[in-house]
Amino acid sequence: MRERWSVLGRACLAIAVFATLACHPAPPAVDAKAAPTWRRTLSAVPNPDPRAQPQPKRTRPWRVVATADGTRAYVSLAGKESAPGNEVVVVDVARRRELKRIAVGSYPQALALHPSGRFVLVTHRYTNAISVIDTRRDEVTSEIEVPFYCEDLVISPQGDRAYLSNFWKNQVLVVDLREEEGRLLGKLRQLGFDRDAFAGAPVADTVEQPAPRSGGIRTILRGRAGTRACHLEGAGGFYAGPDENRLFESAAVQVFPSYPSLSPLLRAVTPASKGGWADGLDGRHHVGGVVFTDPEHDPDYRALSDWIATGHEGPGISVGDKPRDLVLSPDGRTLYVANTASLDVSVIDVETLRETRRIYTRSPVNDLVWVGGRLVMATLGVGSGHPKAPDPERESTDPNAPNADFTLFRDVTTGKPLPFAQQRPLGPFDAVDGTAQEKFRDITNDIVIADASVTDVSSYRAVESFTRYTSDTFEALPGDKKGDVAAALMKVWGAFPEQMVLMGDRLYVTMSGTFEVQEWRVQPSAAPEERLVPLRVFKTGFKPVGIAVAGDTLVVADSLGETISFIDLTGGERVGIPVGKHPAPFPATEFELGEFFVQTSVFSVDQDQSCVHCHYRDTSDGKRWSVSQVMGQSRDGEERTGGSREVPDMRALFHKVPFFVEGTLSMDEPLTMIMEQNPLVDFQGVTPAGDFHDVRATDEESQKYGRSADTVVVATGRWQSRDVRLPDLMKRRELHFARISRKHLGREYSVRDFQRFVGAYQGEEPRLLANPEDPDDPMVRHGRALFESPAVGCAGCHPAPAFTDKANVHNQNRAFPPLVTAAARDNIHTLVSADRLDAINGYVRGWDPDDKGRVEENEGFFVAPSLRGLWAKPHRLLHHGGAISLREVVCPPDHPALRPLPYSRPDAPRPGQRERGLNERDGVPDTHGATSHLSVWDVECLLRYLLSIE
């Protein structure tokens, strides 16, 4: 089965993707002498900046489980990416004290109590094992081998099976459990393509000679393609020689599970009249000619087709992107999986161990529970900053249209908008939204209660099949648009719902962004809008995440605060105990002060927004957002949105300066993002954080504030009250920051202080996750050779070790012309950095007085992103976020490696429900690396290498 691809075009501009690190053995969390030979632990990624200040090692309590009698609770101490933990702490609930710490694997995550009550199972990110704690001894008595990066787990009611979400594989793994001599043991079930059917049945078994195999897929492939003239040694990206493992891997790469007729393995050897390309005349053909001339009646073809149709990637059940939390239906027959990056929930039939459908959520789901026969999801908002629907008037390309959107090009010397006559209409929107709000006003916090049969919960409605509640302040501020969401649905108190637990008819949700637990009454039989009724709110430590009920007490893991909160459900009192080891409580450094701002919502004007709402888990929420950098204007100066940007990683920023897709930001320049969470227009009077009606700036303050970048950034904006001056609004925001920092941190800090702190957070630690891919895997090695080959061109713009070029680009922003077809609104305005605006206005930043900032020298130019840590990032890629997989980034249109999509993506429509190749510029392929000539095998190897870059 030899094949050859025509070379359609060779514009050798490099490819933008990321790279990952490998499995480096590190000291295990338990005694090395007792550790099994298969046990491995990944080493944390070292800091690439030798000048970075070392930060405190933090325990970061993460998840909680309580014993059946409620006397004890177990809390995983996860630690951080660069300094992972390896302990579970046991606490006495009644006495509110720590009892013991148990050594487990590295970077422990979820905990689950076995139905017997005797065992607690612990998953890890950096160790390839489940640790099993015997609660009678509070010791690890066994370990079960599983892949790295198992996140959540649930156990069947019978206790004989565990289901684990795997962040690395994008799968749910199945582990069979058994009790034996007082220990809980288990074995990972190997799912996927049928290896027995592939290998065939053994025959002629003798002592002298191991049993050969006859029949099976292996025999068909070797018989049809394994001659010396064809694929005996490997040709055209396919191998059919005697090495069974290599043959299996080669075949598996060439097939699309469940789609035999679309799989390259079969299409490459069937005639064009039967849907193949073996005899094609378009530059794609099989050198050996047609193999299956009559597929319908060929038993070998049917056997191959059946093997593909019934197979899937192993070792587990393939689900959506970046699965995390799980819940089993009460009858134990259906498993629900929160896919945090593909913005949906997978539904798995436990009997067949197959995904059967998905529930579209339009937002990352953090946790799921069953309540009164319905599924409840803790999630974020459905918005992404775009207009709610297409608007022919706003999208008009007629410069005389009265309501058209226009560019916001600026004078680079003053930073101010050019005269309107020099602007141009913008045309079509990139996307539409789920709310009437635009820009960051779309950031909100949701709780959904839905019937199990629902397929889409992506709108704010209260109907029989689902109800979606959102933030109580969603329409409360002057700049918010009103009337889009029913008042009965704005009930969620606080920000970033993280984990949930049920006790009777009460549901408790940790609100990690505002340090609270919200209590709800569950009324399953009520009218849709009244199925959840908000009740009390309890205070916690900084960033509550995991939660469990222990008798009449809530036990909460406060991640940033390094405390465990015990909340008495009778009186509501909280007792917190510290579990950190560092003598200085968090936040102890400027880095940690920046982390406090980024990871929480208390500084936002509505108390509902944080950086990690979009930069979810320090990467991305799986959306493409419309924010200031894709902002236009109307004729009368109103801000208009409608373009798109990929949400960039907050990891490994040391390599990325200047960052932002336009390459205009320095490390300590988050000022405009802080402004987005605190738009001045909202400080006209009462906010959720205070009343500012009577606050006025003095003449001296007005002069000082007049030098800030704010005065230019908001020059095109409007606010409703003519009685309030811009300096008044700026003083009110400063007062807001002073009040909030004094409340939570014990001293007052300004907006500019937090600009510096966030800069320290962005630069002092890489926060990359250790990469689980094996760099010595043959596919990875071949992919690396392709990446570094001038015939492909990737390394030209993404050279190691940073995997981005910040040295050889001949402009200060390190930006290129776009290498893929631009989106409709890629070139909306001139991006002038806040530092440049400060310099223009004469404002001097005391900590960096020499930085004059950058300006977008060429509109529509973009930087080459670093490929480090790509494997852990949701795949909304390219500068406009238009790609939903790495294949779409790498491949030109119609490349045979492009795969069918198992489910439709309402947020990313694809004609024919198939990946589309985006490696082209205005119809010319291979502008983002020359890949048209690569075989399917080559493409998959290249992807494996990109995912292996640390």
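Residues numbered from 1 in each chain as written. Predicted model: local features only at pLDDT ≥ 70, side-chain atom pairs only at ≥ 80, totals over all residues. Heavy atoms only, no water.

Secondary structure summary: the chain contains 17 helices and 44 strands in total. Compactness check: the chain gives a C-alpha radius of gyration of 28 Å against a globular reference of 30 Å for 950 residues, within 12% of the reference. Restricting to contacts in the chain with at least 6 residues of sequence separation, those with at least 24 account for 63%. Carbon and sulfur atoms form 51% of the exposed surface of the chain, whose accessible area is close to 34300 Å². Where the 111 positive side-chain charges of the chain centre and where its 128 negative ones centre are 1 Å apart. (Helix = DSSP H or I, 4+ residues; strand = E, 2+ residues; numbered from the N terminus. Rg over C-alpha atoms; globule rule 2.2 N^0.38 Å. Contact = heavy atoms within 4.5 Å. Areas by Shrake-Rupley, 256 points an atom, 1.4 Å probe, with all protein chains shown as cover. Lys, Arg positive; Asp, Glu negative; His and termini not counted. Charge placed at Lys NZ, Arg CZ, Asp CG, Glu CD.)

All right, on to the sheet that holds strand 34 (residues 574-578) then. Ordered by their spatial adjacency, four strands build an open sheet running 31-32-33-34, and the pairing between neighbours is antiparallel. Of all the strands in the sheet, the pair left with one neighbour each is strand 31 (544-550) and strand 34. The average angle at which neighbouring strand axes cross in this sheet is 20°, direction not considered. Here five bridges tie strand 33 (residues 563-568) to strand 34, and the two strands are oriented antiparallel to one another. (Pairing = 2+ DSSP bridges. Axes fitted to C-alpha atoms, helices over the stretch in contact; angles between N-to-C directions.)

Under the criterion given, the structure shown has 75 salt bridges. Glu180 is paired through a salt bridge with Arg178; the nearest N and O atoms lie 3.2 Å apart. Exposure remark for Glu180: the relative accessible area of 37% places this residue in the partly exposed category. Overall, Arg178 belongs to the partly exposed group, its relative accessible area being 42%. Among the charged side chains, a network of salt bridges with common partners joins Arg394, Asp405, Glu438, Lys481, Glu638, Arg640 and Arg825. (Salt bridge = Lys/Arg side-chain N within 4 Å of Asp/Glu carboxyl O. Buried < 20%, exposed > 50% of the residue type's maximum accessible area, 1.4 Å probe, protein only.)

Nonpolar side chains in soluble globular proteins generally cluster together in the buried interior. Judged by nonpolar contacts, the single largest core of 35 residues is most densely connected at Phe596, Phe597, Val598, Phe603, Phe737, Leu745 and Phe754. If we skip the residues at most four places from it in the chain, Phe597 touches Phe603, Cys611, Ile674, Gln677, Phe737, Phe754 and Val758. By size, the runner-up hydrophobic cluster in this structure holds 31 residues, among which are Val780, Cys794, Leu898 and Ile949. (Core = buried A, V, L, I, M, F, W, Y, C linked by side-chain atoms within 4.5 Å.)

So, on to the side chain of Gln599. Structurally, Gln599 can be placed in helix 6 (residues 590-599). One polar contact links Gln599 to Asp618, side chain to side chain, over a distance of 3.3 Å. The residues touching Gln599, leaving out its near neighbours within four places in the chain, are Lys543, Leu560, Val612, Asp618 and Tyr761. (Polar contact = N/O pair within 3.5 Å; in protein donor to acceptor, adjacent residues only side chain to side chain.)

Every buried residue belonging to helix 13 (residues 778-788) is among Met779, Val780, Gly783, Leu786 and Phe787, and all of these are buried. Seen from one end, helix 13 has its buried residues packed into an arc of 120°, which puts them on one side. The elements touched by buried residues of helix 13 are helix 3 (244-253), helix 14 (794-797) and helix 17 (936-946). At the N-terminal end of helix 13, a side-chain oxygen is found 2.8 Å from the backbone nitrogen of Met779, two or three residues along, and the residue is Asp777. (Arc of directions from axis to C-beta.)

With that settled, consider the sheet that holds strand 22 (residues 365-371). Pairing in this open sheet of five strands is mixed, and the strands run 22-23-24-25-26 from one edge to the other. Two strands lie at the open edges of the sheet, namely strand 22 and strand 26 (490-492), each paired on one side alone. Across the sheet, the mean angle from the axis of one strand to that of its neighbour is 30°, orientation sign disregarded. Relative to strand 25 (residues 466-471), strand 24 (residues 445-450) is paired through four bridges, and the arrangement is antiparallel. Looking across to strand 25, one finds that Ile449 is bridged to Thr467.

For the pair helix 2 (residues 216-225) and helix 3, the least separation of the axes is 11 Å and the interaxial angle reads 85°. Classified by the interaxial angle, the pair formed by helix 2 and helix 3 is roughly perpendicular. Residue-level inspection shows Arg218, Leu221 and Arg222 of helix 2 in contact with helix 3, the latter providing Glu244, Leu247 and Ala251. In the contact of helix 2 with helix 3, the residues fall into three nonpolar, no polar and three charged. (Parallel < 35°, antiparallel > 145°, perpendicular 65-115°, else oblique. Nonpolar A, V, L, I, M, F, W, Y, C, P; charged D, E, K, R; others polar.)

Here the focus is the packing of aromatic side chains. Counted according to the given criterion, the structure contains 36 aromatic pairs. Taken together through their ring pairs, the aromatic side chains of Phe515, Phe542, Phe586, Phe596, Phe597, Phe603, Phe737, Tyr749, Phe754 and Phe757 make up a single cluster. Over the ring of Trp168 we find Lys169; its NZ or CZ atom is 3.9 Å from the centre of that ring. One residue, Arg284, lies across the ring of Trp277, its end atom 5.0 Å from the ring centre. (Phe/Tyr/Trp six-rings, centres within 6.5 Å; stacked < 30°, edge-to-face > 60°. Lys NZ or Arg CZ within 6 Å of the ring centre and 35° of its normal.)

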